[in-house]
Amino acid sequence: MAEQVGTWWIWKVFWILLVITGVEVILGIIKPEFMLMPYLGTSILNIVFIVLTLVKAGYIVQVFMHVKYEKKALKYALYLPSLILIPYLTFILLTEGTYLFT
Amino acid sequence: MASTAEMMKEENNWKGGSRPLGARYGKLMMWFFLLSDALTFSGFLTAYGLMRFKYESTWPIAENVFTHFPGLEGDQPLLYVALMTFILIMSSVTMVLAVNAGEKMNRKAVTNWMLWTIVGGFIFVGSQAWEWYHFIIGDSGAIETSRQEILHIYNADGERLSFSQLVHGMEEGHASNHGEIFSKSEVLTSLKSNMEYYLKEPGKEGESFTHQQSVVFLESGDIVQGANMIRNEYGRKQFANFFFFITGFHGFHVFSGVIINFIIFYNVLLGTYEKRGHYRMVEKVGLYWHFVDLVWVFVFTFFYLV
């Protein structure tokens, strides 16, 4: 259960999420020239988008969904399957996908 | 030899006395459902990525597809979807506030915040309907070749033309067709008479064709306006299919979330949880609601931004 007092911590996360989304939208509209350079099979801009998205996801799961305050065992039960299976699936599809229809 | 206390503890473990995960079963079940749902959505999104990498040259660029904003003219890329994201984040915040008030047994505050969450959910579903409507009606129109490839019309300055601009001329026509239906012969006649107009593939680094080739493509092909599961004017057929499927599946989650939230809200009004002595049900639907927000964060990035 919550150890926090008041509701300021909820609004703090709200502002963080709002600012990150705002930055993403602004970057998506202006698309700065230097960020369009190819990097890791995509562009720097896309890497920035993905990192910002993971930060947002982290705040939602950790704070809004309370995982930060759960027992270690529950944290592992939730994080391990998702952090192993999802990157694995992504890796397999994006690398093996190159051979599709060849 | 084990002490009596240890033996008692051992016995308790087998009777379910210990709680290794420190959470009640209802919450655990919700979590495991969400975990499996997360894997489902990641399957959809990675499949989307696979198809997109495969068809890079004919895959539409999202910011050229979703350009409408209610009450505003012209191209407004990302604005509308940013607003939708804001609405969903906001309703996630009101949900946390409801859960928080529930822990303090503050029925009035739970009622208030649950109501706001439901309102936010409704606005989101409505916004999605609005976006689907514009996606299905279409915008500029396109040409489909006999090999089911989608091509867009461009002028000598490299500006994309709508059917309206092509047929009625640059001054008279609009950048969007505004629901006007065109026939193949109209489009073909106008394309033939404007020697500098040509066709181009929709994706990044898409191939351009000469005017003569373009006329041949249209003569042997057809025109496309709007989108359905078989063809769409934006580009590769799979784009619309994934759009309908992923945002549809997510929208269905939001819709069920609104209904579940409403049931819980109704129970709060009846005082069910007050009698029960705890608001754990609010916490459980709260988890589901945050998950819907979490998925949208990823859909927003991989469908609209990247």
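Residues numbered from 1 in each chain as written. Chains lettered and ligands numbered in written order. Predicted model: local features only at pLDDT ≥ 70, side-chain atom pairs only at ≥ 80, totals over all residues.

Draft legend 1. Main features of the pairing of strand 2 (residues 150–154) of chain B. Residues and elements named next belong to chain B. Burial runs high along strand 2: 4 of the 5 residues are buried. With 2 bridges joining them, strand 1 (residues 142–144) and strand 2 adopt antiparallel strand pairing. In the sheet register, Glu144 faces strand 2, and the bridge partner there is Ile150. Between strand 1 and strand 2, which follow one another and run antiparallel, lie 5 residues, and Gln148 among them has a positive phi close to 60°. Two strands pair when backbone bridges link them, and strand 2 and strand 4 (residues 198–200) are joined in this way by 3 bridges, in the antiparallel orientation. Directly across from Ile153, in strand 4, lies its bridge partner Leu199. Relative to strand 3 (residues 160–161), strand 2 is paired through 2 bridges, and the arrangement is antiparallel. (Buried ≥ 20, exposed ≤ 12 C-beta atoms within 10 Å, placed from the backbone. Helix = DSSP H or I, 4+ residues; strand = E, 2+ residues; numbered from the N terminus. Pairing = 2+ DSSP bridges.)

Draft legend 2. Expanded view of unusual backbone geometry. Even without a glycine there, the phi angle at A:Lys31 is positive, about 45°. The backbone phi angle of B:Leu78 is positive, close to 70°, even though this residue is not glycine. Mapping B:Leu78 onto the fold places it in the loop between helix 3 (62–65) and helix 4 (79–103).

Draft legend 3. Representation of the packing of helix 9 (residues 237–270) of chain B against helix 11 (residues 280–305) of chain B. Residue and element names in this part refer to chain B. It is at 10 Å that the axes of helix 9 and helix 11 come closest, and there the two elements cross at 160°. In terms of orientation, helix 9 lies roughly antiparallel with respect to helix 11. Judged by the twist between their axes, the crossing of helix 9 over helix 11 is left-handed. Contact residues: helix 9 offers Ile246, Thr247, His250, His253, Val254, Gly257, Ile260, Asn261 and Ile264, while helix 11 offers Met281, Val282, Val285, Tyr288, Trp289, Val292, Val295, Trp296, Val299 and Phe303. For the contact of helix 9 with helix 11, the per-class residue count stands at 14 nonpolar, 5 polar and no charged. (Axes fitted to C-alpha atoms, helices over the stretch in contact; angles between N-to-C directions. Parallel < 35°, antiparallel > 145°, perpendicular 65-115°, else oblique. Left-handed = near helix turned anticlockwise from the far one by under 90°. Contact = placed C-beta atoms within 7 Å. Nonpolar A, V, L, I, M, F, W, Y, C, P; charged D, E, K, R; others polar.)

Draft legend 4. Representation of the domain arrangement of chain A in the model. Domains assigned within chain A are domain 1 (1–69) and domain 2 (71–102). Each of domain 1 of chain A and domain 2 of chain A was reduced to a C-alpha centroid, and the two centroids are 21 Å apart. (Domains from an automatic or database assignment.)

Draft legend 5. Up close: the interface of chain A and chain B. Of the residues lining the interface, 38 residues belong to chain A; the matching set on chain B comes to 37 residues. Mapped by element, the contributors of at least two residues to the side of chain A that touches chain B are helix 1 (8–30), helix 2 (44–64) and helix 3 (72–96) of chain A. Examining the composition of the side of chain A that touches chain B, we find that 12 residues originate from one element, helix 3 of chain A, more than from any other. Along the lines of polarity and charge, the residues of the side of chain A that touches chain B split into 26 nonpolar, 8 polar and 4 charged.

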